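# Coordinate inspection notes
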Amino acid sequence: MAHPLEPRVASYIAAKLPDASDVVVDSLERISGGASRETYRFRLTYREGGQDHARKLILRRDPPASLIDTERRVEFEAYRAFHGSSVPVPKMLWLEEADAALDHPFFIAEELSGFQAAPAMLFAGGYDAVLPKVAERKWTILGEIARADPVALGLDKWLETPAADGCWRRELDHWEHILDTDEAEPQPITRAAIRWLRANPPPPAQKICVVHGDYRTGNFLYDPTGEVRGVLDWEMAHLGDPLEDLGWGFNPVWQFGRGLAGGLARQDQAIATWERASGLVADPAALHWWMLFNCVKGQGIWVGSARTFIDGGNRDPIMVYSAWWLLNAQERAMLKVMGKL
Amino acid sequence: MTPQVPSVLIELAGLMLRSAEPGVPDGERANALRLSAGLLGMAAERWDSAADNLVRENRALAALLDDTAAEDDLRVSVLGAENARLRARLIEAQIAAEQAGDAARLDAIWAELVASTERRKISMAPV
């Protein structure tokens, strides 16, 4: 039975390809995860210039309500800015910000097919021999994101440029506001962490960089040789302090119980790789601030996920999974970063 | 657990019924089953100890705050509401202790926060 979205997606794409005929969308199915966007893969076939074409594509559509409220265009432009660079990303095709075509905003991109993203598979044993390479590539690419010039990429047109000494306050204000709005129960550990962060601010950012915002194991595609083939999930991209991205990846919840940064490498090894690639320095005290901040940010996301389910904005059980799996774990992570556990 | 278990089980029941319909793509059906299995496993792990943990924690918080923990209704949702009341008071107490520089009081509060975090840990937690 055809998915009900197939003819609607085909109709949309046909309008975008005026010289094409026989435009068909099939094999459309939702990919697991995707709590902030509904993600589908599908096959597009059409005839153009006397030739038949077949393409594997991805549809990323807003859900009714999300655990992360972000602008579609930000994600789309971030992908587009890095396409063709040393930071591997899929090619963006069309962005639709109106609701008419598919009920909610969406974009369509080329699928990077044949690769894996799941941490569970990466750590199941079959990839053990290439984990050092995955680690080296992961933090090299993050360094290259930090080294990139946001103005040269054209991203300053879409993303606000903060002052170097204002990055931390803007981010902390943002996530504290989300906690204020969304928490379903008091969060004593998180509130204590916020008070410490405000009392002990980090130094100004050494430069204003593109911050991916969710750069962690699980948000990139890897192949059997350990090469990273695509960096995904740019919906929280913004301009800011490059240590924010480094600190998010060092959030203990992303160790996946393996006691290594991102489940992949010792933290000092990851930092050395990132410093080589970025040409920047990870000051230990500043990085510690950003690690604790990222524990607060994580809790803001998990609390927001629970709130979205509780309020009925999105009753998809995926909204519960992150809350049940990570609310307590994030508190444990916070206690560890604060030296309390 | 937040969101509360009964509301989640109702949604899972609906998801399972939808997944049993003919024509659901194999990948979507598999995803729904994996998600349901994970959530049911977490709910099962916490179910038996939920009320006991809340009672213990509420008593510990009440003792720390010179308060009394209400226990006339032992439904998990009611105990959870009482827990939220006491944890909100704990935040106020912690701020007061920080401002007063009361190290002993802060140590006692942190010890309870660590203990409550340990009580809530699930076996599949990544930390």
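For the structure itself, look to the data block above.
Rules used throughout
- Residues numbered from 1 in each chain as written.
- Chains lettered and ligands numbered in written order.
- Predicted model: local features only at pLDDT ≥ 70, side-chain atom pairs only at ≥ 80, totals over all residues.
- Helix = DSSP H or I, 4+ residues; strand = E, 2+ residues; numbered from the N terminus.
- Rg over C-alpha atoms; globule rule 2.2 N^0.38 Å.
- Buried ≥ 20, exposed ≤ 12 C-beta atoms within 10 Å, placed from the backbone.
- Contact = placed C-beta atoms within 7 Å.
- Pairing = 2+ DSSP bridges.
- Axes fitted to C-alpha atoms, helices over the stretch in contact; angles between N-to-C directions.
- Left-handed = near helix turned anticlockwise from the far one by under 90°.
- Nonpolar A, V, L, I, M, F, W, Y, C, P; charged D, E, K, R; others polar.
- Expected span 1.5 Å × (residues − 1).
- Arc of directions from axis to C-beta.

### Focus on the overall build of chain B
Across its full length, chain B holds five helices and zero strands. Starting at the N terminus and ending at the C terminus, chain B contains elements arranged as α-α-α-α-α. Expected size for 127 residues packed as a compact globule is a radius of gyration near 14 Å; at 19 Å, chain B overshoots this value by more than 25%. Counting over 127 residues, chain B shows a buried share of 20%. Put simply, of all contacts in chain B between residues at least 6 apart along the chain, 59% involve residues at least 24 apart.

### Here's the deal with the overall build of chain A
Scanning chain A from N- to C-terminus turns up 10 helices and nine strands. Taking 2.2 N^0.38 as the reference for a compact globule, 341 residues should give roughly 20 Å; the C-alpha atoms of chain A span a radius of gyration of 20 Å, in line with that estimate. Expressed as a percentage of the 341 residues in chain A, the buried residues total 46%. Considering only contacts in chain A between residues 6 or more positions apart, those separated by 24 or more positions represent 71%.

### Some thoughts on the sheet that holds strand E2 (residues 38-48) of chain A
All names here are of chain A. Taken in spatial order, the five strands of this open sheet run E1-E2-E3-E5-E4, and their pairing is antiparallel. One side of each edge strand has no neighbouring strand; the edge strands of this open sheet are strand E1 (21-30) and strand E4 (92-96). Taken pair by pair, the neighbouring strands of this sheet meet at an average axis angle of 25°, ignoring direction. Taken together, the six bridges between E1 and E2 define a ladder with antiparallel strand orientation. Looking across to E2, one finds that Val 25 is bridged to Leu 44. In this fold helix H1 (residues 5-16) packs onto E1, E2, strand E3 (51-61) and E4, with an angle of close to 135° to the strand it touches most, E1.

### Description of the packing of helix H5 (residues 167-182) of chain A against helix H9 (residues 284-310) of chain A
All names here are of chain A. Two elements in contact, H5 and H9, have axes whose closest approach is 9 Å; the angle formed by their N-to-C orientations is 30°. When the axes of H5 and H9 are compared, the crossing they make is left-handed. Here Glu 171, Leu 172, Trp 175, Ile 178, Leu 179 and Asp 182 of H5 come into contact with H9, specifically with Phe 293, Val 296, Lys 297, Gln 299, Gly 300, Val 303, Gly 304 and Arg 307. Partitioned by chemical class, the residues of the contact of H5 with H9 number seven nonpolar, three polar and four charged.

### Here we look at the interface of chain B and chain A
Much of the literature gives interface size as the accessible area that the parts lose upon coming together. In this assembly, 34 residues from chain B lie in contact with 38 residues from chain A. Breaking the side of chain B that touches chain A down by element, the ones donating at least two residues are helix H1 (5-19), helix H2 (26-47), helix H4 (76-100) and helix H5 (103-119) of chain B. Take the side of chain B that touches chain A: its biggest share by element is eight residues, from H2(B). Tallied by class, the residues present in the side of chain B that touches chain A amount to 20 nonpolar, seven polar and seven charged.

### Comments concerning the pairing of strand E5 (residues 106-110) of chain A
Residue and element names in this part refer to chain A. The element E5 is largely enclosed, with a buried count of four among its five residues. Across five bridges, E3 lies against E5 in antiparallel orientation. Paired with Leu 57 across the bridge in E5 is Glu 110. One ladder, built from four bridges, connects E4 with E5; its direction is antiparallel. Across the sheet, Met 92 pairs through a bridge with Ala 109, a residue of E5.

### Let's talk about the environment of Pro242(A)
You can see Pro242(A) is positioned in helix H7 (residues 242-249). The spacing of Pro242(A) and Gly143(A) is 99 residues in sequence and 8.7 Å in space, taken between C-alpha atoms.

### Here's the deal with helix H8 (residues 267-278) of chain A
All names here are of chain A. The end-to-end C-alpha distance of H8 is 16 Å, a good match for the 16 Å that 12 residues give at a rise of 1.5 Å each. Three or more residues of H8 are buried, namely Ala 270, Thr 273, Trp 274, Ala 277 and Ser 278. Projected down its long axis, H8 carries its buried residues within an arc of 115°, all on one side. Trailing H8 by a residue or two, Gly 279 shows a phi angle of about 75°, which is positive.

These values are about where atoms sit, not about what they do.
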